[in-house]
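What follows is each chain in one-letter form.
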Amino acid sequence: MIKTVLFDLDGTLIDTNHLILTSFQYTLDKYFPGQYKRQDLIPFIGESLETSFHSVSPQLTQQMIEVYRDHNSRFHDQLVKAFPHVRKTLTALKDEGCRLGVVSTKKRDMVERGLNYTKLAPFFETVVTSDDVTHLKPDPEPVERAMDALAAQTDSTIMVGDSPGDILAGKNAQIKTAAVGWSLKGTTMLENLKPDYLLHQMDDLISIVVRAGAAVK
């Protein structure tokens, strides 16, 4: 029976794809004009900014992070929205008695801004960000911290996300995993990681939780 559902934020609950890609494009064009195209940026999604920009230039990493964050903050509210069926799904999960949490690699201020702007914050009892942990996904630490906050058990918890880091973090924490089919990274990469479920749209999660509950009755 699934009693706890943990979600990644960007690309899973809220559509920040265009915001993220335009922020990367703006930053890289500033330092390496004309060298990066949109398809070159997609692998960065789901990674920490430190990892992404260090792979481009170890020397300029911190400068690029500052430029990225400034651009991302300035355009956030223009470009962010919840994915379809998210509110319906969260409402149904709460009605089923599930405890819900967010596990993100972003800093807390931007995570809370995204949740508040999309009016999703009231659904979640715990939010774990990069400010709260030593190791980011795919390390299990962020998932385990959220589970501790919710008194969750491994056999009744699922991690939902759009990137390999989300699925691997769930597996490393020994919980169930669900990959979302709307990931910009494509479903093939995620399916190769063998998540327990693949969601074609967010409300697929409702039947998974209900079915799991019915199976133990």
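Just so it is clear, the structure is predicted and the values come from calculations on it, not from any experiment.

1. A closer look at the overall build of the protein
In terms of helices and strands, the protein carries 10 helices and eight strands. Taken over the C-alpha trace, the protein has a radius of gyration of 17 Å; the compact-globule value for 217 residues is 17 Å, and the two agree within 12%. Each principal axis of the C-alpha atoms in the protein carries an extent, and together these give about 60 × 30 × 30 Å. The contacts in the protein between residues at least 6 apart in sequence include a share of 65% that link residues at least 24 apart. Within the structure as shown, the protein displays about 10,100 Å² of accessible surface, and the carbon and sulfur contribution to it stands at 50%.

2. Observations regarding the domain arrangement of the protein
Reports of interface size often rely on the accessible area that becomes lost once the parts have come together. On domain assignment, one finds that the protein holds domain 1 (4–15 + 81–212) and domain 2 (16–78). Using only C-alpha atoms to locate each centre, domain 1 and domain 2 end up separated by 23 Å. Each partner contributes to the interface: domain 1 provides 16 residues, whereas domain 2 provides 18 residues. Buried surface at the junction of domain 1 and domain 2, summed over both partners, amounts to about 1,400 Å²; 52% is from carbon and sulfur atoms. The largest share of the area that domain 1 buries against domain 2 comes from Arg 113, Leu 184 and Lys 185, three residues that together contribute 39% of it. Between Arg 113 and Asp 77 there is a salt bridge, with its nearest N and O atoms 3.4 Å apart. Our enumeration of links across domain 1 and domain 2 arrives at eight residue pairs in polar contact (both at pLDDT 80 or more). Among the elements of the structure, β2 (14–15) and α6 (108–117) are those that each provide at least two residues to the side of domain 1 that touches domain 2. The dominant element in the side of domain 1 that touches domain 2, judged by the number of residues it contributes, is α6, at four residues.

3. A few points about the nonpolar core
Within the largest apolar cluster, 31 residues are counted, with the highest numbers of intra-cluster contacts made by Val 5, Phe 7, Leu 13 and Phe 124. Of all the secondary-structure elements, those providing two or more residues to this core are β1 (4–7), α5 (86–95), β4 (99–103), α6, β6 (157–161), β7 (176–180) and α10 (204–215). Beyond its immediate sequence surroundings of up to four residues, Phe 124 is in contact with Phe 7, Leu 13, Leu 90, Leu 100, Gly 101, Val 102 and Leu 115.

4. Describing the pairing of β7
Burial analysis of β7 places four of its five residues in the buried class, which makes it a mostly covered element. With four bridges joining them, β6 and β7 adopt parallel strand pairing. Across the sheet, residue Val 160 finds its bridge partner in β7, namely Ala 178. Each parallel crossover has a hand, and for β6 linked through helix α8 (residues 164–172) to β7 it is right-handed. As paired strands, β7 and strand β8 (residues 197–199) are joined by three bridges and run parallel to one another. Paired with Ala 178 across the strands is Tyr 197, a residue of β8.

5. Considering the sheet that holds β1
In spatial order, the strands read β5-β4-β1-β6-β7-β8; together these six strands make up an open sheet with parallel pairing. Unpaired on one side and paired on the other, β5 (126–128) and β8 mark the two borders of the sheet. The sheet shows a mean angle of 25° between the axes of neighbouring strands, taken without regard to direction. α6 contacts β4 and β5 of the sheet and is inclined by roughly 135° relative to β5.

6. Considering the packing of aromatic side chains
Tallying each qualifying case throughout the model produces seven aromatic pairs. For the ring pair Phe 7 and Phe 124, a centre distance of 6.1 Å and an interplane angle of 75° mean the geometry is edge-to-face. One end of the pair, Phe 7, is in strand β1; the other, Phe 124, is in the loop between α6 and β5, and 117 residues separate them in sequence. We classify Phe 7 as buried; its relative accessible area is 0%.

Cut-off values and rules
- Residues numbered from 1 in each chain as written.
- Predicted model: local features only at pLDDT ≥ 70, side-chain atom pairs only at ≥ 80, totals over all residues.
- Heavy atoms only, no water.
- Helix = DSSP H or I, 4+ residues; strand = E, 2+ residues; numbered from the N terminus.
- Rg over C-alpha atoms; globule rule 2.2 N^0.38 Å.
- Contact = heavy atoms within 4.5 Å.
- Areas by Shrake-Rupley, 256 points an atom, 1.4 Å probe, with all protein chains shown as cover.
- Domains from an automatic or database assignment.
- Buried area = accessible area lost by both parts, 1.4 Å probe.
- Salt bridge = Lys/Arg side-chain N within 4 Å of Asp/Glu carboxyl O.
- Polar contact = N/O pair within 3.5 Å; in protein donor to acceptor, adjacent residues only side chain to side chain.
- Core = buried A, V, L, I, M, F, W, Y, C linked by side-chain atoms within 4.5 Å.
- Buried < 20%, exposed > 50% of the residue type's maximum accessible area, 1.4 Å probe, protein only.
- Pairing = 2+ DSSP bridges.
- Right-handed = clockwise from strand over helix to strand, strands pointing away.
- Axes fitted to C-alpha atoms, helices over the stretch in contact; angles between N-to-C directions.
- Phe/Tyr/Trp six-rings, centres within 6.5 Å; stacked < 30°, edge-to-face > 60°.

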